[in-house]
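# Summary of the model geometry
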Amino acid sequence: MAIKINGEEKRIGLALSGGGFRAAGFHLGVMRELQRLGLLAKLDLISCVSGGSIAGGTLAVNWADPAGALDKLDRYLRTKSIAVASVIGGVLDPFGSRLDHLASTYDRDLYFGAKLSALKNGPRVYFNATNLATGNLFFFVAGGGKPEEMGEHELGAAPASNFPICRAVAASSAFPPVFPPLRLDPDVYPPGAAVEYVTLTDGGVYDNMGVNPLLRAKRNALDYMIVSDGGKPFANEERPTESGAIVLKAGLDIMMEQIRGLEFDRMEHRWHAKLGPKPLWFSIDSTLGEKLPGDAGFASAIGTNLKKLSDAEMAVLTRHGGALLAARIDQYAPELKNVGP
């Protein structure tokens with residue numbers, strides 16, 4: 001699926017961050033801009049986290065019809081509110097957890113029983129979670145003409161062709177404490193026997209932007225990496241908390257912001273050292289490239305939950321995501337505008 005620039009093949013990877021339905025709506029705008037440029041169908045790798053997994057999974061399952069996939073994602077984000085229903089369902093059902101109900105809603109509305117093997121004809125797609133047993137990134141990966149796998153660098157990988165996409169996306173988006181982690185016993189993930197079993201929580205705990213797979217040069221050789229960051233940017237507080245309980249949340253937000261900054265530095269340094277792809281990144285709070293004044297502020301103020309988005313919210317999210325990508329390509333990689341459909 002590589003593109004050609006001046007006669008040379010180039011490979012593009014796309015990272016879709018976490019951030020609930022807000023991030024998914026933002027990524028929708030990014031993917032529509034890629035489609036307009038003739039680049040969406042030529043992606044070689046997509047790395048997804050949490051809300052990004054909802055968006056990336058919808059595209060991957062419907063890879064033969066990308067325009068239809070984006071329209072389906074648009075309708076889904078405007079009409080579904082799944083967090084509350086999943087929590088209530090998990091409380092009332094003694095035989096299923098909140099995470100089981102989350103996976104069921106994804107399957108019912110988006111993935112229709114598809115397994116990872118259904119993605120074999122599309123680009124390489126990573127659904128990223130966090131392994132609470134080892135503290136490592138845990139991936140479910142398929143497509144790109146390679147085997148379907150699940151695993152991590154320390155415990156190893158295992159075959160995963162029959163693993164349901166809905167459960168991979170649920171693990172990636174199981175943000176604590178609303179959703180419990182997904183448990184994988186050794187009969188499902190044999191390498192987990194080294195720690196008895198593994199439990200997986202939201203991929204944003206480890207890397208909310210999903211950049212790690214795009215920087216694995218030996219496994220995933222890329223020339224460009226586009227990073228769409230629709231997560232929650234840290235905002236200055238005029239009246240910072242004095243509550244001991246809320247300090248914990250504020251502390252976690254500060255640590256996440258620190259990790260976010262380090263990831264941006266890591267991408268830039270890899271590129272300058274000729275050890276990684278050329279990075280094009282943008283965050284939802286960026287005003288550099290916004291199409292209309294106030295888009296960045298409006299988009300950033302939308303909650304990072306799993307509640308349906310209003311028409312006004314969808315309009316600004318998709319407009320802002322597409323505009324930021326267009327601005328970064330104009331400034332840093334204008335050669336990508338001439339690839340064509």
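Residues numbered from 1 in each chain as written. Predicted model: local features only at pLDDT ≥ 70, side-chain atom pairs only at ≥ 80, totals over all residues. Heavy atoms only, no water.

## Re the layout of surface pockets
- Counted as a void, the second largest pocket has a volume near 280 Å³.
- What lines the second largest pocket is a set of 14 residues, among which P279, L280, W281, R328 and Y332 lie closest to the centre.
- Here the element with the most residues in the lining of the second largest pocket is strand β12 (residues 278-283); it accounts for 6 residues.
- Taken together, the residues of the lining of the second largest pocket break down into 8 nonpolar, 3 polar and 3 charged. (1 Å grid on protein atoms, 1.4 Å probe; cavity = no way out; pocket = protein on both sides within 12 Å on 5 of 7 lines; lining within 4 Å. Points joined across faces, edges and corners; volume = space filled by probe spheres on them. Helix = DSSP H or I, 4+ residues; strand = E, 2+ residues; numbered from the N terminus. Nonpolar A, V, L, I, M, F, W, Y, C, P; charged D, E, K, R; others polar.)

## With respect to helix α6 (residues 165-172)
- Among the 8 residues that make up α6, 7 are buried, leaving the element largely enclosed by the rest of the structure.
- Of all the residues in α6, the buried ones are I165, C166, A168, V169, A170, A171 and S172. (Buried < 20%, exposed > 50% of the residue type's maximum accessible area, 1.4 Å probe, protein only.)

## Structural notes on the nonpolar core
- Core analysis: the biggest nonpolar cluster contains 80 residues, and I54, Y106, F127, F140, L184 and L336 have the highest contact counts within it.
- Per element, the largest residue contribution to this core is 7 residues, and it comes from helix α1 (residues 20-36).
- Those residues within four positions of I54 in sequence are excluded, and the remaining contacts are F21, L73, Y76, Y106, L110, Y111, V169 and L306.
- Formed by 14 residues, the second largest nonpolar core is a distinct cluster that contains M209, V211, L214 and L215. (Core = buried A, V, L, I, M, F, W, Y, C linked by side-chain atoms within 4.5 Å. Contact = heavy atoms within 4.5 Å.)

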